[in-house]
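Structural features, examined
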Amino acid sequence: NLQFASTGSAIVNIDPDRLDQVCSNLIENALRVVTMDDAGHEFEGGFVAIEDRAITAVGSERPAGSFDTTIDATGCVVVPGFINTHHHLYQTMQR
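The following paragraphs examine the structure supplied in this document. From a predicted model like this one, the values you see are computed outputs, not experimental measurements.

1. A word on the overall build of the chain
- Counting secondary structure elements, the chain contains 1 helix and 9 strands.
- Secondary structure of the chain in N-to-C order comes out as β-β-β-β-β-β-β-β-β-α.
- In the chain, which comprises 95 residues, the proportion classed as buried is 23%.
- Within the chain, residue pairs in contact and separated by at least 24 positions form 48% of the contacts whose partners lie at least 6 positions apart.
- Carbon and sulfur atoms provide 51% of the accessible area of the chain, an area that totals close to 7000 Å².

Written as structure tokens, this is what we have:
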């Protein structure tokens, strides 16, 4: 199984056999969701909704409906779409 780890020590096991299946996921209760968009939107206590491996919604109020998987991100900072295999953030800021 693949694992996702965050600085908030939340670990989520991902079943590789389900990666090709359509499923919906919700990451909720984040300490802060940082969107990294041009406007610099941030949501305290926010959520990220994901469907079929694509981010479908980001915000501060939990969307209605049910989800296959719900991840409690209490105490974690969530940065949706931020993919970085290995990089030191301070190096980016110095460019």
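Once the structure has been displayed, the description carries forward.
2. Observations regarding the sheet that holds strand E5 (residues 42-44)
- With mixed pairing, 3 strands are arranged side by side in an open sheet as E5-E4-E9. The open sheet terminates on both sides in strands that have one partner only, identified here as E5 and strand E9 (77-78).
- Across 2 bridges, the pairing between strand E4 (residues 32-34) and E9 is parallel. Bridge pairing in E9 links Val33 to Val78.

3. Some details on the pattern of salt bridges
- Evaluated as defined, the whole model comprises 3 salt bridges.
- Ionic pairing is found between Glu42 and Arg32, a salt bridge with its closest N-O pair at 2.8 Å. One end of the pair, Glu42, is in strand E5; the other, Arg32, is in strand E4, with 10 residues separating them in the sequence.
- We classify Glu42 as partly exposed; its relative accessible area is 41%.

4. Examining the environment of Gly45
- Its place among the elements puts Gly45 in the loop between E5 and strand E6 (47-51).
- When the C-alpha positions of Gly45 and Gly75 are compared, they lie 9.3 Å apart, and in sequence the two are 30 residues distant.
- Among all residues touching Gly45, those that are not within four sequence positions of it are Asn29, Ala30, Leu31 and Ser60.

5. Concerning the nonpolar core
- In this structure, Ile27, Ala30, Val33, Val48, Ala73, Cys76 and Val78 together form the largest nonpolar core, which totals 7 residues.
- Residue contacts for Ala30: discarding those within four places in its chain leaves Glu44, Gly45, Gly46, Ala73, Cys76 and Val78.

6. Here we look at the sheet that holds strand E7 (residues 54-59)
- The 4 strands are arranged E7-E6-E3-E8 in an open sheet whose pairing can be described as mixed. Each edge of the open sheet carries a strand with a single partner, namely E7 and strand E8 (69-72). Neighbour-to-neighbour, the strand axes of this sheet turn through a mean angle of 15°, independent of strand direction.
- Two elements, strand E3 (residues 24-28) and E8, share 4 bridges in a ladder whose sense is parallel. From the neighbouring strand, Glu28 faces E8, where its bridge partner is Asp72.

Cut-offs and rules
Residues numbered from 1 in each chain as written. Predicted model: local features only at pLDDT ≥ 70, side-chain atom pairs only at ≥ 80, totals over all residues. Heavy atoms only, no water. Helix = DSSP H or I, 4+ residues; strand = E, 2+ residues; numbered from the N terminus. Buried < 20%, exposed > 50% of the residue type's maximum accessible area, 1.4 Å probe, protein only. Contact = heavy atoms within 4.5 Å. Areas by Shrake-Rupley, 256 points an atom, 1.4 Å probe, with all protein chains shown as cover. Pairing = 2+ DSSP bridges. Salt bridge = Lys/Arg side-chain N within 4 Å of Asp/Glu carboxyl O. Core = buried A, V, L, I, M, F, W, Y, C linked by side-chain atoms within 4.5 Å. Axes fitted to C-alpha atoms, helices over the stretch in contact; angles between N-to-C directions.

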